[in-house]
Amino acid sequence: MSDTTPPFPEPGSAVPDFSMPASHGRAVSLHALQGHPFVLYFYPKANTSGCTKEACEFQAALADLHKDGVTVIGVSRDDMPAIEKFAADHGLTFPLASDSDGTVTEAYGVWVEKSMYGRKYMGIERATFLVDATGHLVQAWRKVKVTNHVAAVRKAIATLTLQAATGS
């Protein structure tokens, strides 16, 4: 993939379709989520420190997110055995999906060139997308820093929930 990848659609745009296998024998798809808001977050690799912290913070917030009617789905390019181990090791009950062929990470524009110690390589940019019940992007967070990220997502969800309740 080149640096000319088009940017992800702006808020209000329909999100790309997806269908992936997920932890605990589940499957996740845009079609199945129709009518429900959701958080789709992309993480680079299971059982790494930042990815573990982010997943555990989403898990800790899960009860409140569910009260707001929001589903959380984590996505990486890891294979299902690595994802299942990650979920089991950390008690993660929300779906962790495997985009092993890269279709979804490419569609969401999170498969990007990265650099570490002067070496360039392709990898997943840590990113989160809040999607409304109609499948349209509400807000996107790119190049996520894990600290305080889940709190920022929850604040955006509270605003979305308030707007839905007041019809604005």
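To start, this report covers the structure provided alongside it. These figures come from a predicted structure and were not determined experimentally.

Rules of the game
- Residues numbered from 1 in each chain as written.
- Predicted model: local features only at pLDDT ≥ 70, side-chain atom pairs only at ≥ 80, totals over all residues.
- Heavy atoms only, no water.
- Helix = DSSP H or I, 4+ residues; strand = E, 2+ residues; numbered from the N terminus.
- Contact = heavy atoms within 4.5 Å.
- Buried < 20%, exposed > 50% of the residue type's maximum accessible area, 1.4 Å probe, protein only.
- Pairing = 2+ DSSP bridges.
- Right-handed = clockwise from strand over helix to strand, strands pointing away.
- Phe/Tyr/Trp six-rings, centres within 6.5 Å; stacked < 30°, edge-to-face > 60°.
- Expected span 1.5 Å × (residues − 1).
- Bend = angle between axes of the 7 residues up to and from the residue.
- Core = buried A, V, L, I, M, F, W, Y, C linked by side-chain atoms within 4.5 Å.
- Salt bridge = Lys/Arg side-chain N within 4 Å of Asp/Glu carboxyl O.

**A closer look at the environment of Ala46**
No. 1: Locating Ala46 in the fold gives a position in the loop between strand S3 (38–42) and helix H2 (49–67).
No. 2: Linking Ala46 and Glu84, residues 38 residues apart in sequence, is a C-alpha distance of 9.5 Å.
No. 3: With sequence-adjacent residues up to four places away left out, Ala46 is seen in contact with Asp78, Ala82 and Phe86.

**Re the pairing of strand S4 (residues 71–76)**
No. 1: With 5 of 6 residues buried, S4 lies mostly within the body of the structure.
No. 2: Across 5 bridges, the pairing between S3 and S4 is parallel. Within the sheet, the bridge partner assigned to Phe38 lies in S4 and is Thr71.
No. 3: Here S4 pairs with strand S5 (residues 96–98) via 3 bridges, running parallel. The residue bridging Ser76 from the neighbouring strand is Ser98, located in S5.
No. 4: Chirality of the crossover, the property in question, places the unit of S4, helix H3 (residues 80–90) and S5 among those that are right-handed.

**Topic: the packing of aromatic side chains**
No. 1: Across all of its chains, the model carries 9 aromatic pairs by this definition.
No. 2: Consider the rings of Phe42 and Tyr108, whose centres lie 5.5 Å apart with planes at 40°: the pair is tilted. Here Phe42, found in strand S3, pairs with Tyr108, found in the loop between helix H4 (103–107) and strand S6 (111–116); they are 66 residues apart in sequence, far enough to count as distant.
No. 3: In this structure Phe42 comes out as buried when scored by relative accessible area, which is 0%.
No. 4: On the accessibility criterion, Tyr108 (0% relative accessible area) is buried.
No. 5: Here a set of aromatic residues connected by ring pairs shows up, and it is made of Phe18, Phe38, Phe42, Tyr108 and Phe129.

**Comments concerning H2**
No. 1: Given a rise of 1.5 Å per residue, 19 residues ought to cover 27 Å, and the 28 Å separating the end C-alpha atoms of H2 matches this to within 8%.
No. 2: Largest kink in H2: about 55°, centred on Ala61.
No. 3: A positive phi of about 80° marks Gly69, the residue just after H2.

**Some thoughts on the side chain of Thr105**
No. 1: Looking at the secondary structure, you find Thr105 in helix H4.
No. 2: Overall, the relative accessible area of 0% leaves Thr105 in the buried class.
No. 3: Setting aside residues no more than four positions away along its own chain, Thr105 makes contact with Phe42, Arg77, Asp99, Val110, Trp111 and Ile124.

**A word on the nonpolar core**
No. 1: One finds Val39, Tyr41, Tyr43, Phe58, Val72, Phe94 and Leu96 to be the most contacted residues of the largest nonpolar core, which totals 26 residues.
No. 2: Elements that contribute at least two residues to this core include exactly S3, H2, H3 and helix H5 (149–166).
No. 3: For this core, the leading source of residues is H2, giving 6 residues.
No. 4: Those residues within four positions of Leu96 in sequence are excluded, and the remaining contacts are Pro21, Ala22, Ser23, Tyr41, Tyr43, Gly74, Ile83, Phe86 and Ala87.
No. 5: In terms of nonpolar packing, the next biggest core, distinct from the first, is built from 22 residues, Phe42, Val75, Val104 and Ile124 among them.

**Quick notes on the pattern of salt bridges**
Pairs can form between side chains of opposite charge once their charged atoms are near each other.
No. 1: Counted under the stated rule, the structure contains 7 salt bridges.
No. 2: Of the charged contacts in the structure, one is a salt bridge between Lys67 and Asp64, with a shortest N-O distance of 3.8 Å. Residue Lys67 and its partner Asp64 are located together in helix H2, separated by 3 residues, close to a single helical turn.
No. 3: Residue class for Lys67 comes out exposed when judged on its relative accessible area of 69%.
No. 4: Ionic pairing is found between Lys85 and Asp89, a salt bridge with its closest N-O pair at 2.8 Å. With Lys85 and Asp89 both in helix H3, this residue pair falls 4 residues apart, about one helical turn.
No. 5: Through salt bridges that share partners, Asp64, Lys67 and Arg154 make up one connected network.

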